[in-house]
Amino acid sequence: MKFIIGLIVVTSTIFGGYVLSHGDLAALYQPYELLIIGGGAVGAFVIANPGNVIMGVVKGMPGLAASSPYNKKMYMDLLTLMFKLFSKARKEGLMALETDIDEPHESEIFNQYPKISKNHHAIDFVCDYLRLMVGGNMNAMELENLMDVELETHHHEIQAPGTAMQGVADGLPAFGIIAAVMGVVITMGFISEPPEVLGHHIAAALVGTFLGILLAYGFAAPIATAMLGKADEEGKFFECMKVCILSTLNGYTPQIAIEFGRKTIVSQIRPSFIELEEHIKEQK
């Protein structure tokens with residue numbers, strides 16, 4: 001919703017201000033300029049990025065209009081899930097988790113939290129490292145190093161669409177200048193025409209610069225920033241899981257392990273100790 005409101009504000013204030021200044025919207029309608037700028041930017045985007053990044057941008061666009069799934073409720077469910085897994089391991093031994101981590105989609109514990117279960121990256125992360133713990137041959141330092149390598153790779157992957165969109169934003173003003181220069185070249189062919197004809201062609205050329213800058217800083221750059229923000233939110237979610245797993249591997253009780261994880265959550269959505277404790281009691 002915030003994303004849509006932002007787009008409306010950008011569009012309405014810029015074009016509304018232009019109209020209020022007695023500007024003619026028809027003068028800004030230059031489809032060929034838009035074709036040059038948009039086509040050039042899209043072509044450069046396709047050349048610069050592999051197919052999975054292109055698809056990541058396409059799939060990520062609709063998600064910008066939705067609220068973040070990584071809210072307080074999601075984190076409380078995650079920490080409660082981790083608490084239940086760690087409690088089971090503490091009471092029955094790590095081997096008792098083998099069924100849950102081998103078939104997480106059939107696990108009674110995982111199925112209590114469908115939103116988390118649908119995030120296959122998160123489930124794979126938890127199950128893979130619990131499986132290594134069940135194996136019993138890795139210490140906390142070795143496991144943390146392995147986690148850091150995986151999370152760095154994962155974070156690079158989920159940031160790629162936002163980085164690609166930032167590249168588009170950086171290139172759009174240049175394509176606007178190209179469109180403007182081409183418009184000036186066309187204008188030179190009408191140099192012997194009356195001033196009103198020349199004025200029309202010069203205005204059309206300048207629209208190219210306007211569109212390039214508007215599309216870059218009014219749309220593409222904010223979209224890129226929003227995508228990178230979504231990637232950071234997902235990265236923090238994985239960091240919370242990492243800290244919880246390492247804490248329990250270091251011998252802390254389930255309650256203390258999830259407290260370590262709670263401290264990684266940003267303050268705006270971090271549940272209090274009491275809120276989390278009550279949520280766990282409700283889920284028992």
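No experiment lies behind these values; they were computed from the predicted model shown.

Asker: Please provide a residue-by-residue account of the nonpolar core, values included.
Answerer: Counting residues in each nonpolar core, the largest one holds 41 residues, and the members touching the most others are L85 and I245. When contributions to this core are tallied by element, the ones reaching two or more residues are α5 (72–92), α7 (108–111), α9 (120–135), α10 (140–188), α11 (195–249), α12 (254–262) and α13 (273–283). Here this core takes 10 residues from α5, the largest share from any one element. Excluding residues that lie within four positions of it along the chain, I245 makes contacts with M82, F86, F125, V126, Y129, M133, L143 and M147. Counting 24 residues, the second-largest nonpolar core is a separate cluster that includes L28, A160, M165 and V207.

Asker: Describe the pattern of salt bridges, naming the residues involved and giving the relevant values.
Answerer: Applying the stated criterion across every chain yields a total of eight salt bridges. Between D148 and K242 there is a salt bridge, and its shortest N-O distance comes to 2.6 Å. Remark: K242 occurs in helix α11 and D148 occurs in helix α10; sequence separation between them is 94 residues. For E259, the salt bridge is made with R262, and the minimal N-O distance between the two is 2.7 Å. Here the residue E259 and the residue R262 both occupy positions in helix α12, the gap between them amounting to three residues, near one helical turn.

Asker: Please give an account of the packing of helix α1 (residues 2–20) against α11 that cites residues and values.
Answerer: It is at 11 Å that the axes of α1 and α11 come closest, and there the two elements cross at 160 degrees. When the interaxial angle is binned, α1 and α11 end up roughly antiparallel. Crossing handedness for the pair α1 and α11: right-handed. The segment α1 lies against α11, with F3, L7, V10, T11, I14 and F15 engaging F210, L214, G218, F219 and I223. Looking at the contact of α1 with α11, its residues break down into nine nonpolar, two polar and no charged.

Asker: Which residues make up the packing of aromatic side chains, and what values go with them?
Answerer: Per the stated rule, a full pass over the model turns up six aromatic pairs. With a centroid separation of 5.4 Å and 65 degrees between ring planes, the pair formed by Y75 and F237 is classed as edge-to-face. Highlighted residues: Y75 in helix α5 and F237 in helix α11, separated in sequence by 162 residues. In terms of burial, Y75 and F237 fall into one category: buried. Taking 5.0 Å as the distance between ring centres and 35 degrees as the angle between the ring planes, the aromatic pair formed by Y252 and F260 counts as tilted. For Y252, a relative accessible area of 38% puts it in the partly exposed group. Among the aromatic residues, ring-to-ring pairing joins Y70, Y75 and F237 into one connected group.

Asker: Can you tell me about a nonpolar patch on the surface, naming the residues and giving the values?
Answerer: Residues M1, I5 and V9 make up a contiguous nonpolar surface patch of about 300 Å² in total accessible area. Structurally, the position occupied by V9 is in helix α1. For V9, a relative accessible area of 43% gives the class partly exposed.

Asker: Just give me the short version of the environment of L249, but keep the residues and values in it.
Answerer: On the secondary structure map, L249 appears in helix α11. On the accessibility criterion, L249 (26% relative accessible area) is partly exposed. A C-alpha to C-alpha distance of 55 Å links L249 and S12, two positions 237 residues apart in sequence. L249 has contacts with M133, M138, N139, A140 and L143, leaving out every residue within four places of it along the chain.

Asker: An account of unusual backbone geometry is needed here, citing residue identities and associated values.
Answerer: The residue H22 is not glycine, and still its phi comes out positive at about 70 degrees. Mapped onto the fold, H22 is located in the loop between α1 and α2 (25–28).

Asker: Could you give an account of the packing of helix α4 (residues 51–63) against α10, naming the residues involved and the relevant values?
Answerer: For the pair α4 and α10, the least separation of the axes is 8 Å and the interaxial angle reads 90 degrees. Taken together, α4 and α10 sit at an angle that is classed as roughly perpendicular. Seen from α4, the contacting residues are V53, G56, V57 and M61; seen from α10, they are A160, P161, A164 and M165. Class assignment of the residues belonging to the contact of α4 with α10 gives a composition of seven nonpolar, one polar and no charged.

Analysis parameters
- Residues numbered from 1 in each chain as written.
- Predicted model: local features only at pLDDT ≥ 70, side-chain atom pairs only at ≥ 80, totals over all residues.
- Heavy atoms only, no water.
- Core = buried A, V, L, I, M, F, W, Y, C linked by side-chain atoms within 4.5 Å.
- Buried < 20%, exposed > 50% of the residue type's maximum accessible area, 1.4 Å probe, protein only.
- Helix = DSSP H or I, 4+ residues; strand = E, 2+ residues; numbered from the N terminus.
- Contact = heavy atoms within 4.5 Å.
- Salt bridge = Lys/Arg side-chain N within 4 Å of Asp/Glu carboxyl O.
- Axes fitted to C-alpha atoms, helices over the stretch in contact; angles between N-to-C directions.
- Parallel < 35°, antiparallel > 145°, perpendicular 65-115°, else oblique.
- Left-handed = near helix turned anticlockwise from the far one by under 90°.
- Nonpolar A, V, L, I, M, F, W, Y, C, P; charged D, E, K, R; others polar.
- Phe/Tyr/Trp six-rings, centres within 6.5 Å; stacked < 30°, edge-to-face > 60°.
- Patch = residues over 30% accessible without salt bridge, like charges linked within 9 Å, V, L, I, M, F, W, Y side chains within 5 Å.
- Areas by Shrake-Rupley, 256 points an atom, 1.4 Å probe, with all protein chains shown as cover.

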